[in-house]
Amino acid sequence: MNDAKKIIKKVELMRHNSQEHETYRNLPLAKECMLLLESLDDPEEGPLGKAYACNAILEQLSEYDTPRFCMEILQREKQWVEESEEKSDWLTPESIDSDILRLEDYIDTEGISMQDFCKKHGKHLLFDPVERTPQWEEIYLEVEKECFRQLKGTHRGMGFCFGYWSVKRAVLAKYGIEWKSPQFMNPRVMFD
């Protein structure tokens, strides 16, 4: 199987993971895809095809849990768009710059407060500022794996978020992170 087909298969698996609410599993797949894209030497794909692949990968990632990695993908996506002789109606350097700026704002804890970030980017729920740190991103995969392991077999209907947040808080505590759930950060909001 050539590299282009491997990327397609991995993105299909990423979509499946997302449908199954196992988005965390997409992080290593995305890293594998990016390595394959970097070495892909298929004239049929071209730079714009690689940029479209980046976009498909980004759609399956939790960008606020892995903002630095997502920015790396966006920067590479932009380079491929700019290198391409073909133009896209919807994937432009300007649209990519907008996504990069939003994630730069997100991780810039010194320059923009959580409240200002939410206001500027149309986010309505507050979140724990620890989620913006490099430490959060570094342990994201391991934390989510452990949460999934502990919650395996738990019905994911109404009320699941409360059990998930409780487990996540305990797992993060093992890493020395005191985390406040969306329920704690948004006391006037009703969650299900």
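Residues numbered from 1 in each chain as written. Predicted model: local features only at pLDDT ≥ 70, side-chain atom pairs only at ≥ 80, totals over all residues. Heavy atoms only, no water.

## Things to note about the nonpolar core
In globular proteins that are soluble, nonpolar side chains generally tend to be buried together.
Point 1. In this structure, Ile 7, Met 34, Leu 37, Ile 57, Leu 61, Phe 69 and Ile 73 are the most contacted members of the largest nonpolar core, which totals 43 residues.
Point 2. Among the elements of the structure, α1 (3–19), α2 (26–39), α3 (46–58), α4 (67–83), α5 (93–107), α6 (114–120) and α7 (134–151) are those that each provide at least two residues to this core.
Point 3. With near-sequence residues (within four places) excluded, Leu 37 lies in contact with Ile 7, Lys 50, Ala 53, Cys 54, Ile 57 and Trp 80. (Core = buried A, V, L, I, M, F, W, Y, C linked by side-chain atoms within 4.5 Å. Buried < 20%, exposed > 50% of the residue type's maximum accessible area, 1.4 Å probe, protein only. Helix = DSSP H or I, 4+ residues; strand = E, 2+ residues; numbered from the N terminus. Contact = heavy atoms within 4.5 Å.)

## A short note on the pattern of salt bridges
Point 1. Under the definition given, this model contains 13 salt bridges.
Point 2. In this structure, the salt-bridge partner of Arg 102 is Asp 99, at a minimum N-O distance of 3.3 Å. With a gap of three residues between them, Arg 102 and Asp 99 both fall in helix α5, about one helical turn apart.
Point 3. Judged by relative accessible area, which is 29%, Asp 99 ranks as partly exposed. (Salt bridge = Lys/Arg side-chain N within 4 Å of Asp/Glu carboxyl O.)

## Comments concerning the side chain of Asn 55
Point 1. Tracing the chain through its elements places Asn 55 in helix α3.
Point 2. Those residues in contact with Asn 55, other than ones at most four positions away along the chain, are Glu 77, Trp 90 and Leu 91.

## Points about the state of the cysteines
Point 1. For the structure on display, the rule yields zero disulfides.
Point 2. Left without a disulfide partner, Cys 33 is nearest to the cysteine sulfur of Cys 54, which lies 9.5 Å away.
Point 3. Looking at Cys 33, the relative accessible area reads 0%, which means it is buried.
Point 4. Counting only cysteine sulfurs, Cys 161 is the nearest neighbor of Cys 147, a cysteine outside any disulfide, at a range of 13 Å. (Disulfide = S-S within 2.5 Å.)

## Things to note about the packing of α2 against α3
Point 1. One can describe the packing of α2 onto α3 by two numbers: an axis separation of 11 Å at closest approach and a directional angle of 175 degrees. In terms of orientation, α2 and α3 fall into the roughly antiparallel class. Here α2 contributes Ala 30, Cys 33, Met 34 and Leu 37 to the contact with α3, which in turn contributes Lys 50, Ala 53, Cys 54 and Ile 57.
Point 2. When its residues are assigned to classes, the contact of α2 with α3 shows seven nonpolar, no polar and one charged. (Axes fitted to C-alpha atoms, helices over the stretch in contact; angles between N-to-C directions. Parallel < 35°, antiparallel > 145°, perpendicular 65-115°, else oblique. Nonpolar A, V, L, I, M, F, W, Y, C, P; charged D, E, K, R; others polar.)

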